[in-house]
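Residues per chain, in single letters:
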Amino acid sequence: DTISELKKLNQKMEKENGKLTAIQSKLENKQFMEKAPSHVIDNFTLQANDIKSSIEKIKQIIDTIN
């Protein structure tokens, strides 16, 4: 059922966007960036890139279905 699949994909994309927003807000927080160890910042940067990639894949799947 394409409608239910699109609904699931849109929900997953919303969830991923929420995660990305949270990570980006930390990376944009000057105090956090000054105090956090470099490995933590690197980890958040990697997570942000992974989430962006996941969102892009979801968009491609949605475009394919539509």
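Quick note: structure is the one above.
Per chain, the residues get numbers from 1 upward, laid out in the order the sequence is written. Residues qualify for local features only when their pLDDT is at least 70, as the model is predicted, and side-chain atom pairs are given and counted only at 80 or more; totals for whole chains, interfaces and linings, by contrast, use all residues. To get the side-chain values, take all heavy atoms of the structure and skip hydrogens and water.

**Considerations on helix α3 (residues 38–65)**
Helix length check: α3, at 28 residues, gives a terminal C-alpha distance of 41 Å against a target of 40 Å (1.5 Å per residue), a fit within 8%. Of the positions making up α3, those classed as buried are I41, F44, A48, I51, S54, I55, I58 and I62. Among the structural elements, α1 (2–28) and α2 (30–35) are those in contact with the buried residues of α3. What counts as a helix is a DSSP run of H or I of at least four residues, what counts as a strand is a run of E of at least two, and both are numbered from the N terminus. Here, expected helix span is obtained from the residue count minus one, scaled by 1.5 Å. Between buried and exposed lies partly exposed: a residue is buried under 20% and exposed over 50% of the maximum accessible area for its type, with that area taken using a 1.4 Å probe on protein chains only. Contact between two residues is taken to exist if any of their heavy atoms lie within 4.5 Å; hydrogens are not considered.

**Topic: the environment of H39**
Of note, H39 is situated in helix α3. C-alpha separation for the pair H39 and Q11, spaced 28 residues apart in sequence, amounts to 31 Å.

**Digging into the packing of α1 against α3**
Think of each axis as a best-fit line through the C-alpha atoms, taken over the contacting stretch in the case of a helix, with angles from 0 to 180 degrees between the N-to-C directions. In the contact formed by α1 and α3, the axes pass within 9 Å of each other and the chain directions differ by 155 degrees. What the angle tells us is that α1 and α3 run roughly antiparallel. Considering the relative orientation of α1 and α3, their crossing is left-handed. Side-chain classes are defined by residue name, with Ala, Val, Leu, Ile, Met, Phe, Trp, Tyr, Cys and Pro counting as nonpolar, Asp, Glu, Lys and Arg as charged, and the others, Gly among them, as polar. Grouping the amino acids of the contact of α1 with α3 by side-chain chemistry returns 15 nonpolar, seven polar and seven charged. Roughly parallel means an angle under 35 degrees; roughly antiparallel means over 145; roughly perpendicular covers 65 to 115; every other angle is labelled oblique. When the near helix sits turned anticlockwise from the far one by under a right angle, the crossing is termed left-handed; a clockwise turn instead gives a right-handed crossing.

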